[in-house]
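Descriptive analysis of the structure
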Amino acid sequence: MELTTWLLIGAFLYAIWAFLNKRLRYFESLNLPYVPGVPFFGSMASAVFRICHISDTVKNIYRYNPEAKYIGAFDFMRPVIVLRDLDVIKNVTIKNFDNFPDHQAFIDDTVDPLFGGGLFNIAGERWKEARALLSPAFTSSKMKGMFELMVVCGKNFVDYLSNLPEKERKAIATKDMFGKLTNDVIGTCAFGINVNSLENPKNDFFILGKEATTVDSVMTFKFFIARSFPNVMKWFNIKFVSERVERFFTSIVSTTIATRDEQGISRPDMIQLMMDARGKEGKNFKLDITSMTAQAFIFFFGGFDTTSTQMCIIAHELAINWDIQKRLQDEIDDVLERTKGKLTYEALNNMLYLDAIFNESMRFHPQAGFLDRLCVKAFELPPALPGLKPFVVQPGMNVWIPVAAIHRDPEYYDEPDSFNPDRYYQKKVTINDTQNLGFGIGPRSCIGNRFAIMETKLLFFFLLSKFNLVPNDKTCSPLVYSKKTFSLIPPGGYSLAIEPRTDASAYA
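Here the structure is a predicted model, which is why all the values come from computation and not from measurement.

Some points on the confidence of the model for the chain
Per-residue confidence for the chain gives a mean pLDDT of 89; residues scoring 70 or more make up 98%. Here helix α1 (residues 3-23) is the element of the chain with the lowest mean pLDDT, 72, and strand β7 (residues 467-470) is the one with the highest, 98.

Here it is in structure tokens:
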């Protein structure tokens, strides 16, 4: 190769390097404290190269300047403002939500209609109209209507465990086991179909649902690319959901709607709510088969993977904290005695210690390492540090709320690295609680939080009424997360032993 060619290549590479380094000095020119980035990967290099889990990357960014109300960082090469002060977070996400109404919509729904067209991804007026239409599916009255459907699934679950050979109960892969339960609950409560994944684990609803929602290293890499280079996904037609999965879910939704329309069937589920809302949509959001399938699928995605993972987390903490498990079993036995074995919606919601355990699990192991918001109207933040000037966030700029770091900050929690449900006992947690951000915060918080909470509480009510959770040789203790995925999964997966209780209530 000629010298001229080498010089041209060298000049080109130098130009790229100079451009990236100039970009990484963005906050320096604004006189803001910031975390130095690595060319191309920004502040995410440690997560991309699997040096640490994404949650730990977020914690390291948060702790870079403990005195600042907010600091700069880089999502690959995109500058982001990382909010550290709880008053600033509340001001941005609640009081001035109209200035930060969206998060980054990073999936093109023309390429990936199921993932991209769901409520989780869409933005702007389209999101507002969709949220308004779908919110009634998760009111207290709707949850009460789904309660009995979930109870049947919970009872089937413990009956299945009761019939398992003792040898199999000594090494339960809880992620797979709880995934089957959440699959059946969502099938019943969202899609109006009955599946029994425990007895028939090869059913298409479970197999294809698991394929679509498994956040492995490939999907994690796609998330990285989509967040930072969304056009790349569009140019190369890269999807999160395969065409086979897309066809399957579209077929379920379209068949269900056609059958109900033809036979006049009505059920208390999400598909029915969308059917009843047809003709009431706004200018930007329409309920056709594609959009209805997208909303049902995103609900499935959130309910299948994240809920089953949270169940694994709670089961794990109960197994390694026997005193907490025993205290919860005492509360369960008391409810069984008072209700004569017939659990009610009200009795479940009044279980204060169970509620505290759930909230502590969301604090201790939040599945979203950070939340992001997109500025649509210029907004002034107070000075990041004494002596600095206020900073104006410009339209198009992202701000992050570092959930994983706030939840482990000793400024807000005594002994933050210990699992202690008593910190939430008899304390209500709301979607505007800046100290427990497990379901998000403000109007853009998780729409299905009530569903997930009720489903999880029912599982542990029935499970612990008859069984003890015990660590086995494969139990990861202390719990550490695999660096290969965004999910909160230990390197060897979740595993526990389940033993029948000798002191179970007669009503169990």
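Additional details are given in the paragraphs that follow.
Quick look at the UniProt feature "binding site: heme" (unreviewed entry) in the chain
Listed under "binding site: heme" (unreviewed entry) in the UniProt record, and renumbered for this structure, are C446. In this structure C446 touches R131 and F439, once residues within four positions along its chain are discounted.

With respect to the environment of T485
Considering the arrangement of structural elements, one finds T485 in the loop between β7 and β8 (497-500). With a relative accessible area of 10%, T485 lands in the buried category. Distance from T485 to I54, taken between C-alpha atoms, is 8.2 Å for residues 431 residues apart in sequence. There is a polar contact of 3.1 Å between the side chain of T485 and the backbone nitrogen of S487.

Looking at the environment of V480
For V480, the position within the fold is in the loop between β7 and β8. V480 sits ten residues away from P490 along the chain, and the two C-alpha atoms are 5.5 Å apart. Ignoring sequence-local partners within four residues, the contact set of V480 consists of I489, P490 and P491.

Structural notes on the packing of helix α10 (residues 174-189) against helix α11 (residues 204-213)
Here α10 crosses α11 at 115 degrees, and the two axes come no closer than 10 Å. The angle between the axes of α10 and α11 places the two elements in the roughly perpendicular class. Taken as a pair, α10 and α11 cross one another with a handedness that is right-handed. Across the interface between the two elements, D176, G179, K180, N183 and G187 of α10 pack against F205, F206 and K210 of α11. In terms of residue class, the contact of α10 with α11 is made up of two nonpolar, three polar and three charged.

Cut-offs and rules
Residues numbered from 1 in each chain as written. Predicted model: local features only at pLDDT ≥ 70, side-chain atom pairs only at ≥ 80, totals over all residues. Heavy atoms only, no water. pLDDT = per-residue confidence, 0-100. Helix = DSSP H or I, 4+ residues; strand = E, 2+ residues; numbered from the N terminus. UniProt positions renumbered as here; feature names shortened; annotations may be inferred. Contact = heavy atoms within 4.5 Å. Buried < 20%, exposed > 50% of the residue type's maximum accessible area, 1.4 Å probe, protein only. Polar contact = N/O pair within 3.5 Å; in protein donor to acceptor, adjacent residues only side chain to side chain. Axes fitted to C-alpha atoms, helices over the stretch in contact; angles between N-to-C directions. Parallel < 35°, antiparallel > 145°, perpendicular 65-115°, else oblique. Left-handed = near helix turned anticlockwise from the far one by under 90°. Nonpolar A, V, L, I, M, F, W, Y, C, P; charged D, E, K, R; others polar.

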